[in-house]
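# Examination of the molecular architecture
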Amino acid sequence: MKTGKFITFEGIDGAGKSTHLAWLESFLRGKGIEVVVTREPGGTPLGENIRALLLDGRESMHPETEALLMFASRREHVERVILPALERGQWVISDRFTDASYAYQGGGRGLSFERINDLERWTLQNFQPDLTVYFDVSVETGRQRVNTIKTADRFEREKDEFFSRVRSAYLDQVRRFPQRIRLIDSNQPLEKVKESLHDIISTFC
């Protein structure tokens, strides 16, 4: 039985997850909590290889192929990294988890939520994060942030309509799981976002 806590960060590209993930890691370590920081897709050697396939963009793939690869990576991630860390009493923070599949493969690619739910039940059973923080940002702002800091990957090169669907699917998840998912307005200045995150985490701890 797990004894640590599992926290996930979600949001469209450019929402600021990575910045705030680093802050949360430092905050928790300051409280004497052992932390494992990871990401999806990825998190294991196999998962990182799958990540390269998914983000590379030189070859197109069917939405169901994309979803299957995501869940294959996720299954390894849970088995090899997340559950062992939780069983050791460590806290795990992941940049994305299953909510991202509902948003990107469901909302973005148009794969039915029923199909994603089937994959989730098959690969993860009832395993869910203890807390998910969703950083909500406008598509325009997210796009501007991504363009200033990195070369766009296969997902980031999608059109604004794609990210509008992704964002809408994320907001659907927030409404479906109000006890687990907390929304932060990431259009705000950095310090305001950090204050909101601090309030959520302080209550959670």
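A brief look at the structure comes next. On a predicted model such as this, the values are computed, not experimentally measured, just so you know.

Calculation notes
Residues numbered from 1 in each chain as written. Predicted model: local features only at pLDDT ≥ 70, side-chain atom pairs only at ≥ 80, totals over all residues. Heavy atoms only, no water. Phe/Tyr/Trp six-rings, centres within 6.5 Å; stacked < 30°, edge-to-face > 60°. Helix = DSSP H or I, 4+ residues; strand = E, 2+ residues; numbered from the N terminus. Buried < 20%, exposed > 50% of the residue type's maximum accessible area, 1.4 Å probe, protein only. Pairing = 2+ DSSP bridges. Axes fitted to C-alpha atoms, helices over the stretch in contact; angles between N-to-C directions. Salt bridge = Lys/Arg side-chain N within 4 Å of Asp/Glu carboxyl O. Core = buried A, V, L, I, M, F, W, Y, C linked by side-chain atoms within 4.5 Å. Parallel < 35°, antiparallel > 145°, perpendicular 65-115°, else oblique. Left-handed = near helix turned anticlockwise from the far one by under 90°. Contact = heavy atoms within 4.5 Å. Nonpolar A, V, L, I, M, F, W, Y, C, P; charged D, E, K, R; others polar.

## Observations regarding the packing of aromatic side chains
Within this structure, the stated rule accounts for 11 aromatic pairs. With 5.8 Å between their ring centres and 75 degrees between their planes, Trp-91 and Phe-204 make a pair best called edge-to-face. You can see Trp-91 sitting in strand S3 (residues 91–95) and its partner Phe-204 sitting in helix H8 (residues 190–204), a full 113 residues away along the chain. Of the residues examined, Trp-91 reaches a relative accessible area of 12% and is grouped as buried. Overall, the relative accessible area of 24% leaves Phe-204 in the partly exposed class. Feature note: the residues Tyr-104, Tyr-134, Phe-162, Phe-163 and Tyr-170 constitute an aromatic cluster, connected by ring pairs.

## Regarding the sheet that holds strand S1 (residues 6–10)
Judged by pairing direction, the sheet is parallel, and its 5 strands sit side by side in the order S2-S3-S1-S4-S5 without closing on themselves. Of all the strands in the sheet, just strand S2 (35–39) and strand S5 (181–185) have a single pairing partner and so form its edges. Put simply, the sheet's adjacent strands are angled 20 degrees from each other on average, direction ignored. As paired elements, S2 and S3 share 5 bridges and run parallel to each other.

## With respect to unusual backbone geometry
A cis geometry characterises the amide bond from Glu-40 onward to Pro-41, with omega recorded as -15 degrees. With respect to the helices, strands and loops of the structure, Pro-41 is situated in the loop between S2 and helix H2 (45–56). Backbone geometry places Arg-96, a non-glycine residue, at a positive phi of 85 degrees. Taking the relative accessible area as the measure of exposure, Arg-96 reaches 11% and is therefore buried.

## Notes on the pattern of salt bridges
Taken as a whole and assessed by the stated rule, the structure comprises 15 salt bridges. Asp-95 is the salt-bridge partner of Lys-17, the closest N and O atoms lying 2.7 Å from each other. Highlighted residues: Lys-17 in helix H1 (residues 17–30) and Asp-95 in strand S3, separated in sequence by 78 residues. The shortest N-O distance in the salt bridge between Asp-160 and Arg-143 comes to 2.8 Å. With a gap of 17 residues between them, Asp-160 in helix H7 (residues 160–176) and Arg-143 in helix H6 (residues 139–149) connect regions that are remote in the sequence. Asp-160 gets classed as partly exposed once you look at its relative accessible area, which sits at 38%.

## Overview of the nonpolar core
Counting 39 residues, the largest nonpolar core has Leu-24, Leu-28 and Tyr-104 as its most contacted members. Top element by residues in this core is H7. It accounts for 6 residues. If you look at the next biggest cluster of nonpolar residues, it comprises 11 residues, including Phe-6, Val-36, Leu-86 and Phe-97.

## Things to note about the packing of helix H4 (residues 98–108) against helix H5 (residues 113–124)
At their nearest, the axes of H4 and H5 sit 10 Å apart, and the two run at 150 degrees to each other. Judged by the angle between their axes, H4 and H5 are roughly antiparallel. In the packing of H4 onto H5, the handedness of the crossing is right-handed. Residue-level inspection shows Thr-98, Ser-101, Tyr-102, Gln-105, Gly-106 and Gly-107 of H4 in contact with H5, the latter providing Phe-113, Ile-116, Asn-117, Glu-120 and Leu-124. Looking at side-chain class alone, the contact of H4 with H5 contains 4 nonpolar, 6 polar and 1 charged residues.

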